[in-house]
Amino acid sequence: KQWYQRRVREAKRQRKQFKVMVVDSRPDLTGVASCERLTAAGIPCSYVYINSCTYIMKKVTKVLLASDALLANGYVLGPVGTAMIGLIASNYNTPVIVCCETYKFSERVQTDSILYNELADPDSMLKTLNADDSLVAGWRESPNTRLVNLVYDTTPPALVSIVITEIAELPCTSAPVVLR
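Our subject in this report is the structure included herewith. Keep in mind that what you see is a predicted model, and the values were worked out from it rather than measured.

### Considerations on helix H1 (residues 3–13)
Within the sequence span of H1, burial applies to Trp-3, Tyr-4, Gln-5, Val-8 and Ala-11. In the core, the buried residues of H1 are packed alongside strand E1 (20–24), helix H2 (31–40), strand E3 (63–66), strand E6 (96–99) and strand E9 (162–164). Arg-15 sits one or two positions beyond H1 and adopts a positive phi of about 65°.

In structure tokens form, the structure reads like this:
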């Protein structure tokens, strides 16, 4: 996930003028560290939660997404929320650029985030809530409540403009060609 940050720092070294909006989601809030690293490198950053994405997209000219894998059918496996950002960008006709090294290309095929995914600790979802005020704090004792903390999201290739790799800029559908 730091590969895209290297690309942004490289653009800064080339004296390109731009601003970065880091979009983050709970419960992990991994965007905080990204924003700190980019601002330390002298790159102007704004930090927003994913629920503000539709509001800020009016000001965005390109969306840069990190990825965990590029699947053989062109779907992008990324952090949860990636597909939502891609869909919002698509509605605003904003290009979506995915950064993915070729070692992350996979022969696996997947079209959704439900049949195959990893589950993170459900209790981490409660970290940001006041346990006394939360309606789901006692979720383990309730037979009608289940917390699901998905780790990954799959973004359809139709929402991705281009994939930047260390070898070339490719469409998502070129994953099988690179895998050969």
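What follows continues from the structure just given.
### What about the sheet that holds strand E7 (residues 105–106)?
With mixed pairing, 4 strands are arranged side by side in an open sheet as E7-E4-E5-E8. Edge strands, defined here as strands with exactly one partner in the open sheet, are E7 and strand E8 (152–155). With 2 bridges connecting them, strand E4 (residues 69–71) and E7 associate as parallel partners. Along E7, the bridge assignment pairs Leu-70 with Phe-105. Across the sheet, helix H4 (residues 82–91) touches strand E5 (76–79) and E8, and the angle it forms with E8 is around 30°.

### Some remarks on the packing of aromatic side chains
The full count for this structure, using the stated rule, is 1 aromatic pair. With 6.0 Å between their ring centres and 70° between their planes, Tyr-47 and Tyr-49 make a pair best called edge-to-face. Residue classification places Tyr-49 among the partly exposed residues on the basis of a relative accessible area of 32%.

### Points about unusual backbone geometry
For Arg-15, which is not a glycine, the phi torsion comes out positive at approximately 65°. Relative to the assigned elements, Arg-15 resides in the loop between H1 and E1. Note on Arg-15: relative accessible area 73%, which makes it exposed. Look at Asn-93: it is not a glycine, yet its phi comes out positive at around 55°. You can see Asn-93 is positioned in the loop between H4 and E6.

### With respect to the environment of Leu-170
The topology assignment puts Leu-170 in strand E10 (residues 169–170). For Leu-170, a relative accessible area of 15% corresponds to the buried category. It is 14 Å that separates the C-alpha atoms of Leu-170 and Ala-69, two residues lying 101 residues apart in sequence. Those residues within four positions of Leu-170 in sequence are excluded, and the remaining contacts are Phe-105, Ile-162, Val-163, Thr-165 and Val-178.

### Points about the sheet that holds E6
Overall, mixed pairing links the 4 strands, which are arranged E3-E6-E9-E10 in an open sheet. Edge positions in the sheet fall to E3 and E10, since each of these pairs with one other strand and no more. Here E6 pairs with E9 via 3 bridges, running parallel. Across the sheet, the residue bridging to Ile-97 is Ile-162, located in E9.

Thresholds applied
Residues numbered from 1 in each chain as written. Predicted model: local features only at pLDDT ≥ 70, side-chain atom pairs only at ≥ 80, totals over all residues. Heavy atoms only, no water. Buried < 20%, exposed > 50% of the residue type's maximum accessible area, 1.4 Å probe, protein only. Helix = DSSP H or I, 4+ residues; strand = E, 2+ residues; numbered from the N terminus. Contact = heavy atoms within 4.5 Å. Pairing = 2+ DSSP bridges. Axes fitted to C-alpha atoms, helices over the stretch in contact; angles between N-to-C directions. Phe/Tyr/Trp six-rings, centres within 6.5 Å; stacked < 30°, edge-to-face > 60°.

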